[in-house]
Amino acid sequence: MALGPNTLREMLHTMQTIRRFEERASDDYHAGKIYGVVHCYIGEEAIATGVCGALRDGDQIISTHRGHGHCIAKGADLDRMMAELYGRRDGYCKGKGGSMHIADFEKGMLGANGIVAGGISIVTGAALAAKMEGKGGVAVSFFGDGASAAGPFHECMNIAAAWKLPILYVCENNGYAAQTPASTTLARGGEVAVRAAAYGIPGVVVDGNDIFAIHEAAEKAVARARAGEGPTLIECRTYRWRAHTERKGQPDYRPPEEIAAWKAAGKDPIARLVDHLKAKHGFTDAEWQEMDRQILDRIEQSCRFAEKSPFPAPEEALDDVFAA
Amino acid sequence: MREITYAQAGLEAVQEEMRRDGKVFYMSTDAILPLVKEFGEERMRATPIAESTMTGMSIGAAGSGFRPICDWRQVTFCFVAMDQIVNQAAKITYMFGGQQKFPIVYRAAVGGGGRLAAQHSQSPYSMFMNMSGLKIILPSTPRDLKGLLKSAIRDNNPVISFEGNRLLAMKGAVPEADADETIPIGKAEVKRQGKDVTVVALAWAVHETLAAAETLAKEGISVEVVDPRTIAPLDVETIRESVRKTGRLVIADEAGPVCGASAEIATLATEDPATFKALKAPVKRVCALFVPIPYSPGLEDHVFPDRNKIADGIRAVVKA
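Described in the following lines is the structure provided in the data block. Bear in mind the structure is a predicted one, so any value in this text is a computation, not a measurement. Per chain, the residues get numbers from 1 upward, laid out in the order the sequence is written. Here chains are named by letter from A upward and ligands by number from 1 upward, in the order in which they appear as written. In keeping with the predicted nature of the model, local features appear solely for residues at pLDDT of at least 70, side-chain atom pairs appear and are counted solely at 80 or more, and the whole-chain, interface and lining totals rest on all residues. Each side-chain value is derived from all of the structure's non-hydrogen atoms; neither hydrogens nor water enter the calculation.

Our next topic: the packing of helix α4 (residues 78–85) of chain A against helix α12 (residues 285–308) of chain A. All names here are of chain A. Orientation of α4 relative to α12, taken along the N-to-C sense of each, is 50 degrees, at an axis distance of 8 Å. Taken together, the axis directions place α4 and α12 in an arrangement best described as oblique. Considering how the two elements wind past one another, α4 and α12 form a crossing that is right-handed. Listed contacts from α12 to L78, D79, R80, M82 and A83 of α4 are R298, I299, Q301, S302, C303, F305 and A306. Residue type decides the class: Asp, Glu, Lys and Arg count as charged, Ala, Val, Leu, Ile, Met, Phe, Trp, Tyr, Cys and Pro as nonpolar, and the leftover types, Gly among them, as polar. Of the residues that constitute the contact of α4 with α12, the class distribution is 7 nonpolar, 2 polar and 3 charged. Inter-axis angles, ranging from 0 to 180 degrees, are taken between N-to-C directions of lines fitted to C-alpha atoms, where helices are fitted over the stretch in contact. Runs of H or I in DSSP of at least four residues are treated as helices and runs of E of at least two as strands, each being numbered from the N terminus. Convention used here: angles under 35 degrees read as roughly parallel, angles over 145 as roughly antiparallel, angles from 65 to 115 as roughly perpendicular, and any remaining angle as oblique. Helix crossings get a hand from a simple test, with the near helix turned counterclockwise from the far one by less than a right angle marking a left-handed crossing and a clockwise turn marking a right-handed one. The contact criterion used throughout is that any non-hydrogen atoms of two residues lie within 4.5 Å.

With that settled, the discussion passes to the nonpolar core. Soluble globular proteins: nonpolar side chains tend toward being buried together. Core analysis: the biggest nonpolar cluster contains 170 residues, and L168 of chain A together with F162 of chain B have the highest contact counts within it. In this document the domain limits rely on a domain assignment from an automatic tool or a database. Residue assignment places this core across two domains, with domain 1 (3–179) and domain 2 (189–319) of chain B each supplying three or more. For L168 of chain A, the residues in contact, after removing those within four places along its chain, are V51, V138, A139, V140, S141, A218, A221, V222, A225, T232 and I234 of chain A. Here, the term nonpolar core denotes a set of buried Ala, Val, Leu, Ile, Met, Phe, Trp, Tyr and Cys residues that are joined through side-chain atoms within 4.5 Å. Classification of residues uses two cut-offs on accessible area relative to the type maximum, computed with a 1.4 Å probe and protein chains only: under 20% is buried, over 50% is exposed, and between them is partly exposed.

Another point: the pattern of salt bridges. All names here are of chain B. Any Lys or Arg side-chain nitrogen found within 4 Å of a carboxyl oxygen on Asp or Glu counts as a salt bridge. Evaluation of the coordinates by the stated rule reveals 59 salt bridges over all chains. Between E163 and R107 there is a salt bridge, and its shortest N-O distance comes to 2.8 Å. Of this pair, E163 sits in strand β7 (residues 158–164) while R107 sits in strand β5 (residues 104–110); the two residues are 56 residues apart in sequence, bridging distant segments of the chain. For the pair formed by E163 and R107, the shared burial category is buried. For K245, the salt bridge goes to E224, with nearest N and O atoms at 2.5 Å. With K245 in helix α9 (residues 236–246) and E224 in strand β11 (residues 223–227), this residue pair connects regions lying 21 residues apart in the sequence. Of the residues examined, K245 reaches a relative accessible area of 44% and is grouped as partly exposed.

Turning to the packing of aromatic side chains, a few remarks are in order. Here the aromatic set is Phe, Tyr and Trp, taking the six-membered ring for Trp, and pairing holds for ring centres within 6.5 Å; pairs whose planes are under 30 degrees apart are stacked, those over 60 apart are edge-to-face, and all others are tilted. Summed over all chains, the structure comprises 10 aromatic pairs over all chains. Between F105 of chain A and F102 of chain B the ring centres are 5.7 Å apart and the planes differ by 75 degrees, which places this aromatic pair in the edge-to-face class. Pair noted here: F105 of chain A is in the loop between α4 and α5 (120–133) and F102 of chain B is in the loop between α5 (92–95) and β5, and the two residues belong to different chains. Accessibility assignment for this pair places F105 of chain A and F102 of chain B in one class, buried. Ring centres of Y239 of chain A and W262 of chain A lie 5.2 Å apart, and the angle between their planes is 10 degrees; on these two criteria the pair is classed as stacked. Of the two residues, Y239 of chain A sits in the loop between β7 (232–237) and α10 (256–263) while W262 of chain A sits in helix α10, which places them 23 residues apart along the sequence. Each residue in the set F105 of chain A together with F96 and F102 of chain B is aromatic and connected to the rest through ring pairs, giving one cluster. Any Lys NZ or Arg CZ that is within 6 Å of a ring centre and within 35 degrees of that ring's normal is treated as a charge sitting over the ring. Sitting over the ring of F311 of chain A, R88 of chain A keeps its end group 3.9 Å from the ring centre.

Note on placement: V14 of chain B falls in helix α1 (residues 6–20). The residues contacting V14 of chain B, other than those within four sequence positions of it, are Y26, L35, I69, R107, L149 and I153 of chain B.

At the junction of the two partners, chain B supplies 39 residues and chain A supplies 40 residues. Summed over both partners, the interface of chain B with chain A comes to about 3,300 Å²; 63% of that surface belongs to carbon and sulfur atoms. Defined here as a combined quantity, buried area equals the accessible surface (1.4 Å probe) lost by two parts on assembly, summed across both. Of all residues in chain B, the largest losses of buried area upon contact with chain A belong to M57, Y94 and F96 of chain B, amounting jointly to 21% of the total for that side. If you look at where chain B meets chain A, you find 1 salt bridge. In this structure, the salt-bridge partner of K23 of chain B is E133 of chain A, at a minimum N-O distance of 2.7 Å. Any pair of nitrogen or oxygen atoms within 3.5 Å is treated as a polar contact; in protein, a donor-acceptor pairing is required on top of that, and neighbouring residues in sequence qualify only through side-chain atoms on both sides. The tally of links from chain B across to chain A stands at 14 residue pairs in polar contact (both at pLDDT 80 or more). Within the residue set of the side of chain B that touches chain A, elements represented by two or more residues are β2 (24–28), β3 (44–46), α3 (51–63), α4 (82–89) and α5 of chain B. For the side of chain B that touches chain A, the element with the highest residue contribution is α3 of chain B, accounting for 8 residues. Counted by class, the side of chain B that touches chain A contains 14 nonpolar, 19 polar and 6 charged residues.

Residue and element names in this part refer to chain B. Contact geometry for α3 and α4: axes closest at 8 Å, N-to-C directions at 25 degrees. Our classification of the angle between α3 and α4 gives roughly parallel. Residue-level inspection shows S52, T55, G56 and I59 of α3 in contact with α4, the latter providing Q84, I85, Q88 and A89. When grouped by side-chain class, the residues that make up the contact of α3 with α4 number 3 nonpolar, 5 polar and no charged.

With that settled, the discussion passes to α12 of chain A. In a helix, the anticipated span is given by 1.5 Å times the number of residues less one. With 24 residues, α12 of chain A ought to run about 34 Å at 1.5 Å a step, and its terminal C-alpha atoms sit 35 Å apart, in line with that. If you follow the buried residues of α12 of chain A, they end up packed against α1 (5–30), α4 and α11 (269–281) of chain A.

So, on to the sheet that holds strand β3 (residues 167–173) of chain A. Residues and elements named next belong to chain A. Strand pairing is assigned whenever DSSP detects at least two bridges linking the two strands. Taking strand neighbours across the sheet as the criterion, the 5 strands line up as β1-β2-β3-β7-β6 in an open arrangement whose pairing is parallel. Looking at which strands have only one partner, the edges of the open sheet turn out to be β1 (60–62) and β6 (203–207). Strand-to-strand, the axes of this sheet are offset by a mean angle of 20 degrees, without reference to chain direction. Where β1 lies against strand β2 (residues 139–144), 3 bridges are found, and the strand directions are parallel.

Laid out in C-alpha cells, this is it:
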C-alpha cells in the first residue's frame with residue numbers, strides 16, 4: 001500500500017521524536033539526571049518507524065539495548081519513558097529498569113534487553129502464543145548484526161521456519177557490534193539476510209535509511225505472517241550516528257569520514273523523508289519547523305513530568321520480585 | 001489411598017492442570033505420548049533440541065497470556081539456557097516493574113545413582129537458589145510432587161521443579177484426581193517426629209534419612225526428619241522450630257556441599273539467636289563429595305551420601 005501524505009507526516013513525526021528524545025536523553029545523561037548507560041538509535045529511526053507502521057495494536061515487538069526508538073514507534077508514552085530514564089517512580093518500570101529495560105506490555109512492547117540476542121527467543125515465544133491464539137497476531141524481533149552471530153538467532157530461525165510462526169526477524173545491520181566491524185566477524189563479509197535461504201524463508205535486504213523500502217518489506221512480511229506462511233528475515237542496512245553508548249570518553253574507532261558520509265542529507269533517513277514530502281506533497285520549511293518545535297515542546301514536557309515524579313523509596317527495591 | 005509412582009504423579013499433575021486451564025501447554029524435546037494423545041501436538045509440543053530457545057519462548061508465551069511448562073528433562077541440558085534463565089526469566093518481572101506476569105514451570109530431573117557419570121548425575125539446584133526471582137520446588141514423594149507441581153503451574157512466576165532421578169519409580173500414596181490436592185510452595189513438612197536431632201533432608205535423601213532414623217531408633221536415638229519440599233522460598237521457620245526442639249542439626253543432601261542448599265540451611269538455622277542458643281553440638285552436613293560424579297559403581301557410591309553415611313553423621317552429632 002502506497003503511503004499517503006498524512007501517514008508520511010506521522011512517520012516523520014515519529015522519527016523526529018525518536019531523534020529529539022535521544023538528543024535530550026544524552027544531554028540529561030551528561031548533566032547527571034540520567035544514570036548508568038544510554039544507547040542512542042539516532043540514524044536508524046526509519047527502521048522502527050517503518051516496521052511498526054506496518055503493525056496493528058496487539059502485535060508484539062521486542063527490542064535491544066538500543067531500545068528508545070522501538071518504544072516510541074510502538075506508541076509508548078514519552079512521559080513514562082523519560083521518568084524511567086530519570087529513575088523515578090512513575091517510569092515504566094518504577095525506576096527498576098532504566099534506559100536498557102523499558103517495556104510497555106499493554107502496547108505490545110516486550111522490552112528493551114541488555115543482552116545481545118537475549119530477546120530473540122522471547123519474542124519467538126510471543127509469536128508462538130499469537131499462532132496458538134489464532135487471531136492473526138504478528139511478532140517482530142528487532143536485533144543487530146552482532147546478535148545475528150549468536151546462537152539464539154539460528155535456533156529461532158529454525159524453529160520459526162519449522163513451525164511457520166508469524167514473526168519478522170528485523171536485523172538492524174549498522175555494521176558494528178559495539179566497536180567491532182561486522183565485516184571482520186560475520187560470514188560473507190557481514191551479509192545477514194542471505195542466511196534465510198538455509199531455513200527456506202524469505203530473506204530481504206533493504207536500505208535501512210529508506211522509510212519506504214522498510215515499510216514495504218515489513219508490510220509484505222506481515223501479510224505473509226498473518227496468512228500463516230511463516231517468518232521473514234529483513235536485513236536493514238543502516239548506520240549508528242553516535243558512539244556505541246553515550247558514556248563520556250568512550251572511544252569510537254570508526255573512521256570520521258565514514259560517520260560524516262552517513263550523516264549527509266542523502267543518507268539521513270529523516271532528511272530524506274523531509275525532502276520527499278517537500279518535493280511530492282508540498283511540505284514547507286515552516287511546517288517542518290513547526291513540527292520540530294512541537295516535538296521539542298513535548299519532550300520538554302516529558303522531562304518536567306519526570307522531574308516532578310518522586311524517586312522510589314529505597315525499600316521499594318524489595319517490591320515486584322514476584323508477581324502476586 | 002491408592003499408590004502411584006513419582007513419575008506418574010508428575011504426569012497426573014500436568015494432565016489435570018492442562019484439563020483445568022486451556023492456556024497451559026507443554027514443550028519438551030521429546031513428546032510425552034499420553035499428553036499428545038489427550039491434548040494433541042499443539043499443546044504437547046515436541047521442540048528441536050534447543051533448550052535456550054525453549055526456555056526463552058516460554059517467557060514470551062507466558063508474557064502473552066499462556067502458561068507454558070518447559071521440560072528440560074535432565075538438568076544437564078538447561079545449562080545452554082542459562083542466559084534465558086538467569087538474565088531473563090529470573091529478572092523480567094522485577095526489571096519491568098511488575099508490569100506483567102510470567103507463569104512458567106521449568107521441569108528438570110536431578111540426582112545420580114544411575115551410573116550415568118558426571119554430566120547426567122548432577123544436583124545443581126543451589127545455583128538457581130542464588131538467583132532472586134525464581135521459585136524452586138524439590139519434592140521427595142509422589143504426593144508432594146503432584147501437589148507442588150499443580151501449585152507451580154498455577155503460580156504466576158517462573159518456578160523450577162527439580163525432580164529426583166532416583167525417585168521416578170518410587171511408589172507412594174497420592175489422592176485421586178477429584179481431590180485436586182495442591183501443596184503450597186514454601187511449606188516444609190516434618191516427615192518424622194523425633195526429639196534428639198533434626199535432620200533436614202532434601203529429595204532422595206529424605207528416604208535415606210527415614211531409613212537411617214529407623215536404624216537409630218533401635219539405638220535409642222530419636223530423629224526428626226524435616227523435608228523443606230521447596231528450597232526457594234525456604235520454610236526456615238519450620239527448620240528453626242525443629243532445631244530449637246532437638247538442639248542438633250544434620251543436613252542430608254545428594255548435592256555437593258559448597259555453597260549448597262545445605263550451606264544455606266545451616267546458616268539460616270544458626271544465625272537466628274534463639275536457634276543458635278538451643279544448639280548442643282556443631283551442625284553437620286552429609287552431602288556428596290566435592291568431585292564430578294564418576295561412572296563405575298564403586299566410585300559413584302563412594303561419592304554420594306546414603307543411609308549409612310547419614311546414620312554415621314547423626315551418631316557423630318548426638319555424641320558430640
